[in-house]
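# Observations on the three-dimensional arrangement
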Amino acid sequence: MNLNYLEETIRTSKYLVCLAGMEFMREQNVAYHRDSDESYRIEEKYGYSPEELFSARMFNTHAELFYEYYRNEILSKHLEAGKGNEALARLEEAGYLKTIITKGIYNMPQKAGCKNVINMYGNIFPIEYIKNSDKVPLCDVCKSTVIHPGVYLHGEMLSNTVISHAVEEVAKADTILVLGMNLNSSLCKDMLPHFTGKDLIVIHKEAHYLDEKATAAYHGAVSEILPEVAESILDA
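These notes cover the structure that comes with them. (Residues numbered from 1 in each chain as written. Predicted model: local features only at pLDDT ≥ 70, side-chain atom pairs only at ≥ 80, totals over all residues. Heavy atoms only, no water.)

### Some words on the packing of aromatic side chains
On inspection of all chains with the given rule, the structure shows 10 aromatic pairs. Centroid distance Phe59 to Tyr67: 6.3 Å. Interplanar angle 70°. Geometry classified as edge-to-face. For Phe59, a relative accessible area of 10% puts it in the buried group. Among the residues examined, Tyr67 registers a relative accessible area of 0% and is labelled buried. Following the ring pairs from residue to residue traces out a cluster consisting of Tyr46, Phe54, Phe59, Phe66, Tyr67, Tyr69 and Tyr70. (Phe/Tyr/Trp six-rings, centres within 6.5 Å; stacked < 30°, edge-to-face > 60°. Buried < 20%, exposed > 50% of the residue type's maximum accessible area, 1.4 Å probe, protein only.)

### A word on the side chain of Asn119
Locating Asn119 in the fold gives a position in strand E3 (residues 117-119). Side-chain polar atoms of Asn119 contact the backbone oxygen of Gly104, separated by 3.1 Å. What Asn119 contacts, discounting residues up to four positions off in sequence, is Thr102, Gly104, Asn107, Gln110 and Val162. (Helix = DSSP H or I, 4+ residues; strand = E, 2+ residues; numbered from the N terminus. Polar contact = N/O pair within 3.5 Å; in protein donor to acceptor, adjacent residues only side chain to side chain. Contact = heavy atoms within 4.5 Å.)

### Structural notes on the pattern of salt bridges
Inspection of the entire model under this criterion finds six salt bridges. Across the pair Arg11 and Glu8 runs a salt bridge whose closest N-O atoms are separated by 3.2 Å. With a gap of three residues between them, Arg11 and Glu8 both fall in helix H1 (residues 4-12), about one helical turn apart. Relative accessible area serves as the criterion here: at 32%, Arg11 is assigned to the partly exposed category. Using a relative accessible area of 39% as the deciding quantity, one classes Glu8 as partly exposed. Overlapping salt bridges bring together Arg41, Lys45 and Glu73 as one network. (Salt bridge = Lys/Arg side-chain N within 4 Å of Asp/Glu carboxyl O.)

### Focus: helix H6 (residues 63-75)
Every α-helical turn comprises 3.6 residues, leaving residues that sit three or four positions apart pointing alike. In a regular helix each residue adds 1.5 Å, so 13 residues correspond to 18 Å; H6 covers only 16 Å between its end C-alpha atoms and thus falls short of that length. Here H6 has its buried residues at Ala63, Phe66, Tyr67, Tyr69, Tyr70, Arg71, Glu73, Ile74 and Leu75. (Expected span 1.5 Å × (residues − 1).)

### Details of the pairing of strand E6 (residues 216-219)
The side-chain alternation of E6 yields one buried face, formed by Ala216 and Tyr218, and one unburied face, formed by Ala217 and His219. Of the pairings in the sheet, the one linking strand E5 (residues 199-204) to E6 comprises four bridges and is parallel in character. Residue pairing across strands places Val202 opposite Ala217, the latter belonging to E6. (Pairing = 2+ DSSP bridges.)

The values are spatial; any link to function lies outside them.
So this is what it looks like as structure tokens:
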């Protein structure tokens, strides 16, 4: 695979923004609850679908069951940042990458050392208070209000502040790097209408009909392609 165009685009970009998708997170062994096997396992165990469990309604009406699921299935994961996120951190530290926008909640880019990350769905940290609480974590002051986990739950509105920040970053970009998703994904559909820059580059495993809308498309694992590109740029 010839990566010269990708390398040169990153090297010459004035404001590079990355959109990180679910396929990229799967490369770090993050199971997606809508995957059929995972969805079936969870429904068998808890009696509800993942969408029902990870929802505002479940949090508000069955907080104990919500937190049983949240502790067992979300907070119990021990995930490494992975080579793809480490490559992003290197590019950010060198000044090439300005911002990462993701719907991931596991702070994978931050674990690799990335500083400028917009988590559209929030993130799972801090988690120790929730992990150590008795069934349902309550407010330390009033002792009755259930603590919200700090991540987006199905049925909730996304933060307007976070959305605005992400839109502002995309609007400033001259280059968008789409990692681990196609251009029909929800994050791309939400963000790319605000992009007026020059280069839109996609890296994902399978060819997609919307690849033709990109300046360039590369088909393969982000965790294999991106480290090679970062090494070529930074170690030249």
